[in-house]
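Coordinate analysis (summary)
Letter by letter, the chains look like this.
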Amino acid sequence: MELRNRQLRDIYVDLLMQAAEQYPNLVIVEADLMKALKTTLFQEKYPHRAINVGVAEANMIGVAAGLANMGKLPFTHTFTPFATRRVFDQVTLSVAYSKLNVKMVGSDPGIMAQLNGGTHMSLEDVGLMRALPGMTIVEPVDGVQLAGLFPQIIEHKGPVYIRLLRQEFDSIFEDHQPFTLGKGVKLCDGLDVSIFATGIMVKEALDAQKLLQAEGIRASVINIHTIKPIDQDIIIQEAKRTKAVVVCENHNIINGLGSAISEVLGEHYPTPIKRVGIKDHFGEVGKKDFLMEKFGLKAKHIVTAVKEVLLLKQSN
């Protein structure tokens, strides 16, 4: 399967259909957005294993929970705000509380809703889902990582929430690189500061690392693809090595990856930390580049955060 020069939704649907061959209990439950994620291809191949409930997302989750309770393996799909905040009570009671094996995909996470604007720009979805006991949260950065993690998502027993880009993505990993659900991936090593990043912010973190290196600042970059359960070991190891941490996420800095890492450090190894993300603000209409500039998500903003945290490190 070509994993580099394609849209992420094409790779995802291919993986979904391949898995359907191995798992006859795999079904999809949709809320009238099948064209957006191209799950129409799955429907064409497996018409009796695709259910479209219409524009009724809460019902989508309820139907998926019922199917899971009957031994099916349901995947639900819709835009990120409709996959989380609109259906939060159904996810809480019908899926998480019941410990059911439902895989929920929220597409266009964070600012990637772009021209759909603030109503479709969920900047709090990780915070919502992270609060639910037993919930696993995954954000693959590219097609290679999605393909590497997908079999583990299938095999994992329990609810999983996947933040999934639909279209363009930055290729970060080489083909066939292995990944482990729940374990971070170090992309480069440095002794001065540790930069943790997820999703679209991984590319920005790597760009920032190069800018910092030109100034003599050595940064580690660690990709956290599983936001919950978070890899405490790599966080603590990096904090002990560099004694300075920056976290980058395409999400509100409240209750997201930065909060999760702050909790780990606060309990196990208090360390100076700065968070790069959307600072308690609703989304708005705009293209990716404009929104990344407006919300301070670019490599240059990460560089600034690194310099700030290094000052804190020196003062300790």
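Heads up: these notes are all about the structure in this document. Keep in mind the model is a prediction, meaning the values are calculated, not measured. (Residues numbered from 1 in each chain as written. Predicted model: local features only at pLDDT ≥ 70, side-chain atom pairs only at ≥ 80, totals over all residues. Heavy atoms only, no water.)

This part takes up the sheet that holds strand β5 (residues 136-138). Here we have 7 strands laid out as an open sheet, ordered β2-β1-β3-β4-β6-β5-β10, and mixed in their pairing. Single-partner strands in this sheet number two, and they are β2 (50-52) and β10 (226-228). In this sheet, adjacent strand axes meet at a mean angle of 20° when their direction is disregarded. Packing against the sheet, helix α4 (residues 57-69) makes contact with β1 (26-30), β2, β3 (73-79) and β4 (103-107), and its axis sits at approximately 170° to β3. (Pairing = 2+ DSSP bridges. Helix = DSSP H or I, 4+ residues; strand = E, 2+ residues; numbered from the N terminus. Axes fitted to C-alpha atoms, helices over the stretch in contact; angles between N-to-C directions. Contact = heavy atoms within 4.5 Å.)

So, about helix α11 (residues 257-268). For α11, built from 12 residues, the straight-helix expectation of 16 Å at 1.5 Å per residue is met to within 8% by its first-to-last C-alpha distance of 17 Å. Listed in full, the buried residues belonging to α11 are L257, G258, S259, A260, I261, V264 and L265. On its buried side, α11 packs onto α7 (125-130), β8 (193-197), β10, α10 (232-242), β11 (245-252) and β12 (273-278). (Expected span 1.5 Å × (residues − 1). Buried < 20%, exposed > 50% of the residue type's maximum accessible area, 1.4 Å probe, protein only.)

Here the largest pocket is characterised by a volume of approximately 190 Å³. Lining the largest pocket are D108, M112, A113, Q114, L115, N116, L165, R166, Q167, E168 and K287. When grouped by side-chain class, the residues that make up the lining of the largest pocket number 4 nonpolar, 3 polar and 4 charged. (1 Å grid on protein atoms, 1.4 Å probe; cavity = no way out; pocket = protein on both sides within 12 Å on 5 of 7 lines; lining within 4 Å. Points joined across faces, edges and corners; volume = space filled by probe spheres on them. Nonpolar A, V, L, I, M, F, W, Y, C, P; charged D, E, K, R; others polar.)

Here we take up the packing of helix α1 (residues 8-22) against helix α8 (residues 143-155). Running from N to C, α1 and α8 point in directions that differ by 30°, and their axes come no closer than 10 Å. Relative to α8, α1 is oriented roughly parallel. Where α1 crosses over α8, the two elements pack in a sense that is right-handed. Across the interface between the two elements, L8, I11, Y12, L15, L16 and A19 from α1 touch G143, L146, A147, F150 and I154 from α8. In the contact of α1 with α8, the residues fall into 10 nonpolar, 1 polar and no charged. (Parallel < 35°, antiparallel > 145°, perpendicular 65-115°, else oblique. Left-handed = near helix turned anticlockwise from the far one by under 90°.)

All right, on to unusual backbone geometry then. Of all residues except glycine, most have a negative phi; of all peptide bonds, most are trans. With an omega of -5°, the peptide bond running from K228 to P229 counts as cis. Mapping P229 onto the fold places it in the loop between β10 and α10. Positioned with a positive phi, D108 is a non-glycine residue whose angle comes to about 60°. Of note, D108 is situated in the loop between β4 and α7. Note on D108: relative accessible area 6%, which makes it buried.

Overall, mixed pairing links the 5 strands, which are arranged β7-β9-β8-β11-β12 in an open sheet. Whereas interior strands pair on both sides, the edge strands pair on one side only; in this sheet they are β7 (185-188) and β12. Neighbour to neighbour, the strand axes of the sheet diverge by 25° on average, direction disregarded. Note: β7 against strand β9 (residues 219-223), 3 bridges, orientation antiparallel. Residue pairing for β9: V185 is matched across the bridge by N223. Contacts from helix α13 (residues 299-315) reach β8, β11 and β12, with the element oriented near 155° to β12.

Enumeration according to the criterion identifies 5 aromatic pairs in this entry. Ring geometry for Y12 versus F150: centroids 5.8 Å apart, planes at 85°, classification edge-to-face. Taken together, the positions of Y12 in helix α1 and F150 in helix α8 put the pair 138 residues apart, joining distant regions of the chain. A residue is classified by how much of its surface remains accessible, and F150, at 3% relative accessible area, is buried. Measuring from ring centre to ring centre gives 4.8 Å for F173 and F179, while their planes differ by 80°; the resulting arrangement is edge-to-face. Judged by relative accessible area, F173 falls into the buried class, the value being 1%. On the basis of relative accessibility, which here comes to 6%, the residue F179 falls in the buried class. By way of ring pairs, the aromatic residues Y12, F75 and F150 are connected into one cluster. We note R49 situated over the ring of Y46; from NZ or CZ to the ring centre the distance is 4.6 Å. (Phe/Tyr/Trp six-rings, centres within 6.5 Å; stacked < 30°, edge-to-face > 60°. Lys NZ or Arg CZ within 6 Å of the ring centre and 35° of its normal.)

Taken by themselves, the reported measurements are silent on function.
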